[in-house]
Amino acid sequence: MKCPWPNFWTPTDMIIRAFLPIIIGMTYEKQIKKEQMKLKIKNIFLVVILIITTAGCEEALVENPKSIISPDNFFTTEDQCIQATNGSYAGLPRIFGQQDLWSLTFAGTDLFMFNGGSQTIHAVQNYNFSPANAQNSYDTWNRCYDAIKDVNLVIARVSEAPIDDSLKERLIGENKFLRAVYYYILSNTFGEVPLWTEELDVDVVSELPRAPLAEVREQIITDLNDASDHLPWPSEYGAEETGRATKGAALGLLAKVYLFNEDYANAKRTAEAVTASNEYALLDDYSELFDMDNTNNKESVFEIQFKRDASTNTNYIINYFYTWFLPVPDSGGGTYGGVDFGNSNLISYHEFYPSARLISLYAEDDTRKDEVLAYEYEGQPFTSLPEADRPWFGPKFWDLTASQRASEKNLYFMRYADVLLILAEAENELGNTANAISQLNKIRFRATGKNDVDISMAQEEIRRFIMDERARELVGEFNRKWDLARWGNLVDAVQSLPPDDNVEGAANVRDYHEVFPIPFDEIVQNPNLEQNPGY
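Since the model is a prediction, treat every value here as computed from it, not as a measurement.

### Some thoughts on the overall build of the chain
From N to C terminus, the chain includes 22 helices and ten strands. Taken across its 535 residues, the chain has 59% of its residues classed as buried. Pairs at least 24 residues apart make up 71% of the contacts formed inside the chain by residues separated by at least 6 positions. Carbon and sulfur atoms form 48% of the exposed surface of the chain, whose accessible area is close to 20,800 Å².

### A few points about the pattern of salt bridges
Note that side chains of opposite charge can pair when their charged atoms are close. Taken as a whole and judged by the stated rule, the model has 38 salt bridges. Aspartate 110 is the partner of arginine 357 in a salt bridge, and the nearest nitrogen-oxygen pair spans 3.1 Å. You can see arginine 357 sitting in helix H14 (residues 356-361) and its partner aspartate 110 sitting in the loop between helix H6 (99-106) and strand E1 (112-114), a full 247 residues away along the chain. Salt-bridge contacts for glutamate 469 lead to arginine 444; the nearest nitrogen and oxygen are separated by 3.0 Å.

### A word on the side chain of lysine 149
The topology assignment puts lysine 149 in helix H8 (residues 135-159). Here aspartate 150 takes part through its side chain, which lies 3.4 Å from a polar atom of the side chain of lysine 149.

### Describing H8
Its 25 residues place the ends of H8 36 Å apart at the C-alpha level, agreeing with the 36 Å of an ideal helix rising 1.5 Å per residue. For H8, the buried fraction is high: 19 of the 25 residues fall into the buried class.

### Observations regarding the nonpolar core
Formed by 157 residues in total, the largest nonpolar core has its most connected members in Phe96, Phe177 and Tyr183. Considering every element that reaches this core, the biggest residue donor is helix H9 (residues 165-190), with 13 residues. When sequence neighbours within four positions are dropped, the list of residues in contact with tyrosine 183 reads Tyr145, Ile148, Val193, Pro194, Leu195, Trp196, Val216 and Ile220.

### Overview of unusual backbone geometry
At glutamate 262, a position not held by glycine, the phi torsion is positive, near 55°. Glutamate 262 sits in the exposed class, given a relative accessible area of 54%. Of note in the backbone geometry, histidine 350 takes a positive phi value of approximately 40° without being a glycine. Inspection of the secondary structure puts histidine 350 in the loop between strand E4 (314-317) and strand E5 (352-354). Residue classification places histidine 350 among the partly exposed positions, given a relative accessible area of 22%.

### Quick look at the packing of aromatic side chains
With the rule as written, the count across this model stands at 43 aromatic pairs. Ring geometry for phenylalanine 112 versus phenylalanine 352: centroids 5.5 Å apart, planes at 65°, classification edge-to-face. Of this pair, phenylalanine 112 sits in strand E1 while phenylalanine 352 sits in strand E5; the two residues are 240 residues apart in sequence, bridging distant segments of the chain. For the pair phenylalanine 112 and phenylalanine 352, a shared accessibility class is recorded, and that class is buried. On the numbers, 5.5 Å between centres and 90° between planes, the contact of phenylalanine 325 with phenylalanine 393 is edge-to-face. Of this pair, phenylalanine 325 sits in the loop between E4 and E5 while phenylalanine 393 sits in strand E9 (residues 392-393), and the two are 68 residues apart along the sequence. According to the relative accessible area criterion, phenylalanine 393 is buried, its value standing at 0%. Between the NZ or CZ atom of arginine 415 and the centre of the ring of tyrosine 412, over which it lies, the distance is 5.8 Å. Positioned above the aromatic ring of phenylalanine 260, the side-chain terminus of arginine 486 is 5.6 Å from the ring centre.

### Some words on the pairing of strand E2 (residues 300-304)
Of all five residues in E2, five are buried; the element is thus mostly enclosed. Across four bridges, the pairing between E2 and strand E10 (residues 411-415) is antiparallel. Considered in E10, the bridge of phenylalanine 302 is made with methionine 414.

### Examining a negative patch on the surface
Negative charge collects at one region of the surface, where Glu78, Asp79, Asp164, Asp165 and Glu169 lie side by side. Among the secondary structure elements, those contributing two or more residues to the negative patch are helix H4 (78-88) and H9. As for its position among the elements, aspartate 164 is in the loop between H8 and H9.

### Things to note about H4
Counting buried residues along H4, eight of its eleven residues qualify, which places the element largely inside the surrounding structure. Regarding H4, the residues found buried are Gln80, Cys81, Gln83, Ala84, Thr85, Asn86, Gly87 and Ser88.

### Here's the deal with the pairing of E4
A regular strand carries its side chains on alternate faces of the sheet. Sheet analysis places strand E3 (residues 307-309) next to E4, joined by three bridges and oriented antiparallel. Each residue of the ladder has a partner; that of lysine 307, found in E4, is isoleucine 317.

Cut-off values and rules
- Numbers given for residues are sequential positions, taken from 1 along each chain in its written order.
- For a predicted model such as this one, the threshold for reporting local features is a pLDDT of at least 70, and the threshold for listing and counting side-chain atom pairs is 80 or more; totals across whole chains, interfaces and linings nevertheless cover every residue.
- Excluded from the side-chain calculation are hydrogens and water; included are all heavy atoms of the structure.
- The way it works is that DSSP assigns letters per residue, a run of H or I at least four long becomes a helix, a run of E at least two long becomes a strand, and they are numbered from the N terminus.
- Exposure classes here rest on a 1.4 Å probe applied to the protein chains alone. A residue is buried below 20% of its type maximum, exposed above 50%, and partly exposed in between.
- Should any heavy atoms of two residues lie within 4.5 Å, those residues are considered in contact.
- Note on areas: these come from Shrake-Rupley sampling with a 1.4 Å probe, and a residue is covered only by the protein chains present in the view.
- Whenever Lys or Arg places a side-chain nitrogen within 4 Å of a carboxyl oxygen from Asp or Glu, that contact is recorded as a salt bridge.
- Any pair of N or O atoms that falls within 3.5 Å is considered a polar contact. Within protein, one atom must be able to donate a hydrogen and the other to accept it, and sequence-neighbouring residues count only if both atoms are side-chain atoms.
- Here a helix's expected span is defined as the number of its residues, less one, multiplied by 1.5 Å.
- We call a set of buried Ala, Val, Leu, Ile, Met, Phe, Trp, Tyr and Cys residues a nonpolar core when their side-chain atoms join them within 4.5 Å.
- In summary, the pairing rule links any two rings of Phe, Tyr or Trp, Trp by its six-membered ring, whose centres are within 6.5 Å, and it sorts them by plane angle into stacked for under 30 degrees, edge-to-face for over 60 and tilted for everything else.
- We count a charge as sitting over a ring when the NZ of a lysine or the CZ of an arginine lies within 6 Å of the ring centre and within 35 degrees of the ring normal.
- A strand pair is defined by DSSP finding two or more bridges across the two strands.
- Patch definition: residues above 30% relative accessible area lacking any salt bridge, with like charges linked at up to 9 Å and the nonpolar side chains Val, Leu, Ile, Met, Phe, Trp and Tyr linked at up to 5 Å.
- Just so you know, the count uses Lys and Arg for positive and Asp and Glu for negative, and it drops His and the chain ends.
- For the purpose of locating charges, the reference atoms are NZ of Lys, CZ of Arg, CG of Asp and CD of Glu.

Below is the structure:
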């Protein structure tokens, strides 16, 4: 029997994923008693479950967990350094596989209307959250810093490990890429945040002030440059390494960070390094991107990996993303919005439905429309809709192979289409409008079969077109709130919604809502933290 671990993870790695925080905790047993530092020891029961559920695998879990988590026995071999690095990836599904990040990047934008029962998410949607009730942002803060804690430990220990230098550089590159991702999320969500890149020192970390945003982004840029220097391109990895950080992923995120800094020359240069690699290409059909059998495809620059074994109904690393977008289940059971999907194991919470603005962005000949918006399924019209004139979110967001809340559908962090849109935006801001239109038409040709961007458009018109095209192409891929904030368009976007969409949010939204409040309990524990203005 083959063990159904996702991509490069092995049974041993799953132990490491659970116990890496405990390795750190054991290393600093005396320090973690400090009141100001909250080191969360992860769920030990996960290890027990993993041992039980993998008992039938051909590679039995014969390792002694006591020896696995001992710092004295770790980071001394190549396998251990690889396993520890594999554990560093654990932060990704924890962050992207939970509702907190979804609500922070979807709710309160011009593309999504929230229809669920969560009062904390309604507060995000309506812009009436405060440091006292922004629980979703608090959880994202904690998960990111837990992941950074793990990554810093691995970078420090692998750097000193007696292993091959080329492997050492690659593993450090993977960890630096991951640290950049975690700080990218933090800085986009909170703005200035404590910057911590060393192995755990509680005396220092528990009293760190917020670093200036420019300093945080400079660290992200440094990490991504270092990572890109030592990471392989996707074609240089073996098939068993699918899902690891690559040179293309590091360069793609680096190009986007340059956009945030309005450093358009470097954004162009870096995005062009990705396009020139010939490692990536747009798929012929937009719908292929979201086929469950087409993960980690040629257009995927980096995606968050999930896995379940349908044959044994065993869940390993899962999310419930699809449940927020599937049409409402009918009271009789078995159908959703009056349509039979042929799967009785689905769950729908139907939390979000499309805004009128999102619907208006798609022309009739835009093939993305039927993937993003759903008025029917396989020729069966839905008999109920979220609102009288609104469709459901469509197949791009669904997983019809899921079992209850357990979905293994990977979530994109970056696609090649995003890289082309970054390049188009950089070219336009540099005044190279013809080059910008050329990049846009690559996206448009797939969507409409035509190079239909008007070549007579001026720079400001192209700028607005790019803003809309990013919405059409990347909706639901964790970009919109951050895009609106970096463009300085958040307030205008929310207030320009039609009267039926988010009236309360339009009345409440202010410029300071581009970022969320620093968690209240963090400020209480660390006197050097200051709250974001407006909160």
